[in-house]
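# Summary of the model geometry
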Amino acid sequence: MALTLDSYRLLGRSGLRVSPLALGTATFGTGSGWGTDEEGARALFDAYVERGGNFLDTANTYAGGSSEQLLGRFARGRREGLVLSTKYTTLRTPGDPNSAGSHRKSLVGSVESSLRRLDTDYLDLLHLHVWDGVTPVEEVLRGLDDLVRQGKVLYAAMSNAPAWEVSRMQAIADLRGWTPLVGLQVEYNLVNRAAERELIPMARALGLGVTPYSPLAGGVLSGKYGRAGEQAQSTRASFNAGLGLVTDRNLGIAAVVAEVAGELGSTPAQVALAWLLHNPAVTAPVVGARTAEQLVGNLAALEVDLTADHLARLDGASAIELGYPHDLLAGDHIRAVMRGDLTLEPRR
C-alpha cells in the first residue's frame, strides 16, 4: 500500500511521530537570491500541511533568518500539531566568531534567536548543523541536555559530522544519562551514496532516524539538466553546476531514473524520492520546492511502488565502492575464513 503524508513514522528511537516526507523551508524568503517570497512560501506551507504533513525543516541562517520568521508566522494557530526542526552552528553575526560553532555560547544564542523568530516557546527538534572540529563533545551534549531540561528543546539530532564523533556522542549520552540523539540529517541521494559507508549503518545501530537532504541532488535527478557542458539557466542551477554536480556519471544515473519513471508513469523526482523511502534506515527525506505545484508533484512520490527490478537498476547505476574495511569483510575469501573453510595467509 502506498504511503501518505499522514502515514507517520517514529524518528529514531524516540516516540516522535513525523511525516515520511519533511518540508524543507530553505526556500522560504529571498535572502539567498533563489528563494520564494512570502506569498509563495505560504502556498508551499499550506499545500504540505493541508495534505497531512507535520514535519518542517529549517535552520537559523536560512535566507538570512527569514525562513524561520516565515515558518513561525505560518505556524500560528496550529503550532501543537507541527514538528518544527531547526539547526545551529552556522555564522549568525558577521565579525562575531562566537556566533558560530558547536560550543555552548553559540548553541544558547542561536536557540534563543530561533525561538524568537519562530514565535514559539520550544523547538521540537534541534540539529547541530555542521561539526566544527574543536568543541569537546561533552560541551555539546551537556548544552543540549540543559536546553532539553529547560523545555526549550525537545529532541536533539546531528548533521554533517563524522560517524565516529556521532557514535561517541551517543555512547557518552547513554552512559551519563544525558539527552540522547534521535536523528541524523545527511546528504544522501542516488548521486551521492557516500553515507552508506559509515553514517547510515551507524544510524541504524544507534537508533538515529535518517532525514536525507538534497534528495534530488540539486535537481540533477529531476531531469532538469541536459549534458554536462550545458549552460545553467538559473542562479541555483549555476550554483549546483559550480559544485560539480553536473557530470557524465551523474547524468547517466539521472537517465536511468528517467527510464524507470517513464515505465511507471511517474516523474524522475518521484522515482528518486521513492528510492530513498525504500531504505529502512530513512525516516523522512527533506523535500524542498519553489512552487506549490512542484511540491505537490514531489509529494506524489509516496504513491510510487518500485519493483525489485527497478530497485536493482537504480542501485546498479549509482553503486559506489564502500572501501576498506567493508569491501574486505564482504569478500568471499574472508567469509570463507570466518566459516573455517580456509586458512588466512599473511600478506607478503
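Residues numbered from 1 in each chain as written. Predicted model: local features only at pLDDT ≥ 70, side-chain atom pairs only at ≥ 80, totals over all residues. Heavy atoms only, no water.

As named in an unreviewed UniProt entry, the protein chain is Aldo/keto reductase, taken from Actinokineospora bangkokensis.

With that settled, the discussion passes to the overall build of the protein chain. What the protein chain contains, in helices and strands, is 13 helices and 10 strands. Taking all 348 residues of the protein chain together, 52% fall into the buried category. Contacts in the protein chain between residues far apart in sequence, at least 24 positions, make up 75% of those at least 6 positions apart. Charged side chains of the protein chain number 33 positive and 38 negative; the gap between the two group centres comes to 4 Å. (Helix = DSSP H or I, 4+ residues; strand = E, 2+ residues; numbered from the N terminus. Buried < 20%, exposed > 50% of the residue type's maximum accessible area, 1.4 Å probe, protein only. Contact = heavy atoms within 4.5 Å. Lys, Arg positive; Asp, Glu negative; His and termini not counted. Charge placed at Lys NZ, Arg CZ, Asp CG, Glu CD.)

Right, let's talk about the packing of aromatic side chains for a bit. Two aromatic rings, taken as a pair, are described by how far apart their centres are and by the angle between their planes. The tally for this structure, following the rule as stated, stands at 3 aromatic pairs. An angle of 50° between the planes, with centres 5.6 Å apart, marks the rings of Phe-45 and Phe-74 as tilted. In this pair, Phe-45 sits in helix α1 (residues 38–49) while Phe-74 sits in helix α2 (residues 66–75), placing the two residues 29 residues apart along the sequence. This pair shows no difference in class: Phe-45 is buried, exactly as Phe-74 is. Feature note: the residues Phe-28, Phe-45 and Phe-74 constitute an aromatic cluster, connected by ring pairs. (Phe/Tyr/Trp six-rings, centres within 6.5 Å; stacked < 30°, edge-to-face > 60°.)

In this section: the pattern of salt bridges. Per the counting criterion, the structure on display carries 16 salt bridges. Its salt-bridge partner being Arg-168, residue Glu-165 comes within 3.0 Å of it at the nearest N-O pair. Of this pair, Glu-165 and Arg-168 both sit in helix α5 (residues 163–176), 3 residues apart, roughly one helical turn. A residue is classified by how much of its surface remains accessible, and Glu-165, at 8% relative accessible area, is buried. The class for Arg-168 is partly exposed, based on a relative accessible area of 35%. The partner of Arg-193 in a salt bridge is Glu-196, and the shortest N-O contact between them spans 2.9 Å. (Salt bridge = Lys/Arg side-chain N within 4 Å of Asp/Glu carboxyl O.)

A separate point is the packing of helix α3 (residues 104–118) against helix α4 (residues 137–149). At a minimum axis separation of 9 Å, α3 and α4 run at an interaxial angle of 30°. When the axis of α3 is compared with that of α4, the two are roughly parallel. Relative to α4, the crossing made by α3 is right-handed. On α4, the residues that touch Arg-104, Leu-107 and Val-111 of α3 are Glu-139, Val-140, Arg-142, Gly-143, Leu-144, Asp-146 and Leu-147. For the contact of α3 with α4, the per-class residue count stands at 5 nonpolar, 1 polar and 4 charged. (Axes fitted to C-alpha atoms, helices over the stretch in contact; angles between N-to-C directions. Parallel < 35°, antiparallel > 145°, perpendicular 65-115°, else oblique. Left-handed = near helix turned anticlockwise from the far one by under 90°. Nonpolar A, V, L, I, M, F, W, Y, C, P; charged D, E, K, R; others polar.)

Where helix α11 (residues 308–318) is concerned, the buried positions are His-310, Leu-311, Leu-314 and Ser-318. The buried residues of α11 occupy one face: seen down the axis, they fall within an arc of 95°. Relative to its buried face, α11 has exposed residues pointing more than 90 degrees away, namely Ala-308 and Gly-316. Residues of α11 that are buried make contact with α8 (248–264) and α9 (268–277). (Arc of directions from axis to C-beta.)

Here the focus is the nonpolar core. Within the largest apolar cluster, 99 residues are counted, with the highest numbers of intra-cluster contacts made by Tyr-48, Met-158, Leu-295, Leu-306 and Leu-314. Ignoring any residue separated from it by four or fewer positions in sequence, one finds Leu-314 in contact with Leu-190, Arg-193, Val-256, Val-257, Val-260, Val-271, Trp-275 and Leu-306. (Core = buried A, V, L, I, M, F, W, Y, C linked by side-chain atoms within 4.5 Å.)

Let's shift gears to the sheet that holds strand β6 (residues 123–128). The strand order across the open sheet built from 8 strands is β9-β8-β7-β6-β5-β4-β3-β10, with neighbouring strands paired in parallel fashion. With partners counted over all chains shown, the strands left at the sheet margins are β9 (209–210) and β10 (286–287), one partner each. (Pairing = 2+ DSSP bridges.)

Moving on: the pairing of β6. Regular strands have side chains that alternate between both faces of the sheet. A large share of β6 lies buried, amounting to 6 of its 6 residues. Sheet topology note: the strand β5 (residues 83–88)/β6 ladder contains 4 bridges and is parallel. When the bridges of β6 are listed, Lys-87 appears paired with His-127. In this sheet, strand β7 (residues 153–159) lies alongside β6 in parallel orientation, the contact comprising 5 bridges. Note that in β7 the partner of Leu-126 across the bridge is Ala-156. Read from β6 through α4 to β7, the crossover connection turns out right-handed. (Right-handed = clockwise from strand over helix to strand, strands pointing away.)

Taken together, Tyr-324, Leu-328 and Leu-329 make up a surface patch of nonpolar side chains, about 350 Å² in accessible area. Relative to the helices and strands, Leu-328 is located in helix α12 (residues 326–330). (Patch = residues over 30% accessible without salt bridge, like charges linked within 9 Å, V, L, I, M, F, W, Y side chains within 5 Å. Areas by Shrake-Rupley, 256 points an atom, 1.4 Å probe, with all protein chains shown as cover.)

So, on to the side chain of Asp-146. Along the polypeptide, Asp-146 turns up in helix α4. In terms of polar contacts, Asp-146 uses its side chain to reach the side chain of Arg-104, at 2.9 Å. (Polar contact = N/O pair within 3.5 Å; in protein donor to acceptor, adjacent residues only side chain to side chain.)

Taken as a whole, helix α10 (residues 292–299) has its buried residues at Leu-295, Asn-298 and Leu-299. One face of α10 carries all of its buried residues, which in axial projection span an arc of 100°. Buried residues belonging to α10 abut β3 (22–24), α1, α9 and β10.

With that settled, consider the pairing of β5. Buried residues dominate β5, accounting for 6 of its 6 residues. Residue alternation in β5 divides its side chains into two sets, Val-83, Ser-85 and Lys-87 and Leu-84, Thr-86 and Tyr-88, and both sets are buried. Judged from the 3 bridges that link them, strand β4 (residues 55–57) and β5 form a sheet pairing that is parallel. Bridge pairing links Asp-57 to Ser-85 in β5. With α2 bridging β4 and its parallel neighbour β5, the resulting β-α-β unit is right-handed. At this point the chain moves from β5, through α3, to the parallel β6, and the crossover so formed is right-handed.

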